[in-house]
Number of protein chains: 2
Amino acid sequence: MGDRHMGVTGSLEPCADQDYPDCGVRHLLDRLGDRWTVLVLAELSAGTRRFRELQRALPGISQRMLTLTVRRLERDGFVERTVYPSVPAQVTYELTARGGSLTRQVRHLVDWSAEHKDDLTASRREYDARRRNA
Amino acid sequence: MGDRHMGVTGSLEPCADQDYPDCGVRHLLDRLGDRWTVLVLAELSAGTRRFRELQRALPGISQRMLTLTVRRLERDGFVERTVYPSVPAQVTYELTARGGSLTRQVRHLVDWSAEHKDDLTASRREYDARRRNA
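Residues numbered from 1 in each chain as written. Chains lettered and ligands numbered in written order. Predicted model: local features only at pLDDT ≥ 70, side-chain atom pairs only at ≥ 80, totals over all residues.

Novice: Mind showing me how you'd approach the overall build of chain A here?
Specialist: Summing up its helical and strand segments, chain A has six helices and three strands in all. Tracing chain A from N to C terminus, the helices and strands come up as α-α-α-β-α-α-β-β-α. Relative to its 134 residues, chain A shows a buried fraction of 32%. In chain A, 40% of the contacts between residues at least 6 apart in sequence involve partners at least 24 apart. (Helix = DSSP H or I, 4+ residues; strand = E, 2+ residues; numbered from the N terminus. Buried ≥ 20, exposed ≤ 12 C-beta atoms within 10 Å, placed from the backbone. Contact = placed C-beta atoms within 7 Å.)

Novice: What am I meant to see in the sheet that holds strand 1 (residues 49–50) of chain A here?
Specialist: Remark on secondary structure: sheet strands pair via backbone hydrogen bonds, oriented parallel or antiparallel. Taken in spatial order, the three strands make up an open sheet running 1-3-2 (chain A), and their pairing is antiparallel. Pairing within the sheet leaves two strands with one partner each, and these edge strands are strand 1 and strand 2 (79–84) of chain A. (Pairing = 2+ DSSP bridges.)

Novice: What is the right way to look at the confidence of the model for chain A in this model?
Specialist: Low pLDDT means the predicted coordinates in that region are not meant to be read closely. All names here are of chain A. Counting all residues, the mean pLDDT for chain A is 82, and 82% of those residues have values of 70 or more. When the criterion is pLDDT under 50, residues 1–22 qualifies, and its contacts beyond four places in sequence or with other chains add up to 34 contacts. Our summary of model confidence lists the complex with pTM equal to 0.74 and ipTM equal to 0.73. (pLDDT = per-residue confidence, 0-100.)

Novice: Any chance you could explain the pairing of strand 3 (residues 90–95) of chain A here in plain terms?
Specialist: Within a regular strand, side chains alternate between the sheet's two faces. Residues and elements named next belong to chain A. When strand 1 meets strand 3, the two strands line up antiparallel, connected through two bridges. Note on strand 3: the bridge partner recorded for Arg-49 is Tyr-93. Summarising the sheet, strand 2 and strand 3 pair through six bridges and their orientation is antiparallel. Its bridge partner being in strand 3, Val-79 is matched across the sheet by Leu-95. Hairpin connection, strand 2 to strand 3: the antiparallel pair is bridged by five residues.

Novice: I tried to follow helix 5 (residues 63–75) of chain B on my own but got confused; where do I start?
Specialist: In an α-helix, one full turn covers 3.6 residues, which means residues spaced three or four apart are oriented alike. All names here are of chain B. The end-to-end C-alpha separation of helix 5 is 18 Å, in line with the 18 Å expected for 13 residues at 1.5 Å each. What helix 5 keeps buried is the set Thr-69, Val-70 and Leu-73. The buried residues of helix 5 occupy an angular sector of 90° when projected down its axis, which confines them to one face. Away from the buried face of helix 5 by more than 90 degrees, exposed residues Gln-63 and Arg-64 are located. Tucked inside the fold, the buried residues of helix 5 contact helix 3 (37–44), strand 2 (79–84), strand 3 (90–95) and helix 6 (97–133). Downstream of helix 5 by one or two residues, Gly-77 has phi in the positive range, about 80°. (Expected span 1.5 Å × (residues − 1). Arc of directions from axis to C-beta.)

Novice: I tried to follow the sheet that holds strand 1 (residues 49–50) of chain B on my own but got confused; where do I start?
Specialist: The three strands lie next to each other as 1-3-2 (chain B), forming an open sheet whose pairing is antiparallel. Bordering the open sheet on either side are strand 1 and strand 2 of chain B, each of which pairs with just one other strand.

Novice: Please clarify how the nonpolar core should be interpreted in this entry.
Specialist: Soluble globular proteins tend to bury their nonpolar side chains together. Grouped together as the largest cluster of nonpolar side chains are 48 residues, with contacts concentrated most on Val-40 of chain A together with Val-40 of chain B. Two domains each provide a minimum of three residues to this core, namely domain 1 (1–33) and domain 2 (37–133) of chain A. Beyond its immediate chain neighbours, meaning those up to four positions away, Val-40 of chain B contacts Leu-54, Thr-69, Val-70 and Leu-73 of chain B. (Core = buried A, V, L, I, M, F, W, Y, C linked by C-beta atoms within 7 Å. Domains from an automatic or database assignment.)

Novice: Help me understand helix 3 of chain B, please; the structure alone is not making it clear to me.
Specialist: When you tally the buried positions in helix 3 of chain B, you get eight out of eight residues, the bulk of the element. Turning to helix 3 of chain B, its buried residues are Thr-37, Val-38, Leu-39, Val-40, Leu-41, Ala-42, Glu-43 and Leu-44 of chain B.

Novice: Honestly, the environment of Val-83 of chain B in this entry has me stumped. Any pointers?
Specialist: Residue and element names in this part refer to chain B. With respect to the helices and strands, Val-83 occurs in strand 2. Residue classification places Val-83 among the exposed positions, given that 9 C-beta atoms sit within 10 Å. Sequence separation of Val-83 and Tyr-93 is ten residues, and the distance between their C-alpha atoms is 9.1 Å. In this structure Val-83 touches Ala-89 and Val-91, once residues within four positions along its chain are discounted.

Novice: What is the right way to read the packing of helix 6 (residues 97–133) of chain A against helix 6 of chain B from this model?
Specialist: In a packed pair of helices, the relevant descriptors are the angle between the two axes and the axis-to-axis distance. Remark: helix 6 of chain A packs on helix 6 of chain B, axes separated minimally by 11 Å, with the N-to-C direction vectors making an angle of 170°. In terms of orientation, helix 6 of chain A lies roughly antiparallel with respect to helix 6 of chain B. Across the interface between the two elements, Arg-98, Gln-105, His-108, Leu-109, Trp-112, His-116 and Asp-119 of chain A from helix 6 of chain A touch Arg-98, Gln-105, His-108, Leu-109, Trp-112, His-116 and Asp-119 of chain B from helix 6 of chain B. Residues of the contact of helix 6 of chain A with helix 6 of chain B, tallied by class, amount to four nonpolar, six polar and four charged. (Axes fitted to C-alpha atoms, helices over the stretch in contact; angles between N-to-C directions. Parallel < 35°, antiparallel > 145°, perpendicular 65-115°, else oblique. Nonpolar A, V, L, I, M, F, W, Y, C, P; charged D, E, K, R; others polar.)

Novice: Would you explain the environment of Gly-60 of chain A in this entry?
Specialist: Residues and elements named next belong to chain A. Counting through the fold element by element, Gly-60 comes out in the loop between helix 4 (51–57) and helix 5 (63–75). Looking at Gly-60, the number of C-beta atoms within 10 Å reads 9, which means it is exposed. Separated by 14 residues in sequence, Gly-60 and Glu-74 place their C-alpha atoms 21 Å apart.

This is the structure we're talking about:
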């Protein structure tokens, strides 16, 4: 049983037994599962942005949450933060090559999702109707 | 500004303005971001499973959480649940064609993650060292 579990998760979850925060795909899915990360990646895929520009492009994000989101992306090497020694200091954010690569991966999932959106909605409606009548 | 936001999220977040639970990619990323969904998909990609078999394959999952996870996957049309009229009733779960398609998508992300795992770890280590010294 232990072996089979290793086998299955070995392909889809390369490090299920290690520390949660460093756990490859788990870590990545956690990031993508948070509301803002994907939106920040999307905005940066259109070009370099200053902090204020990001904030304006993402209505509803708090300053604290945006700071946290870009800091995590920077820590993972997806985003590069540049500080220009002006007064006041100007800070810009842009995707690294790795960040661009991740964004393209996410886009595949988004395309898949768009393609299947109506089917999913139909399935959910059917399922709910069946349960109401059960 | 509103237009630009629509433009960017139009590509990566097809329905950011609609109800959260039905919101295409957001909904999907939420599912994938939860600890168990990806593991259940992985286990079912190896073949049909009974409830007990799934439970044994996913050490640490509670009965309630597994019930919830497979129910959501069933509701989205990713998993088909079959009840055999035996005593006690036997229930099996298997991936639908759509579930198989999603699992292949997830696998791409997992492969990407495995490929970049060491780079990410290195980036995080560097970032933390820089902040310690700042």
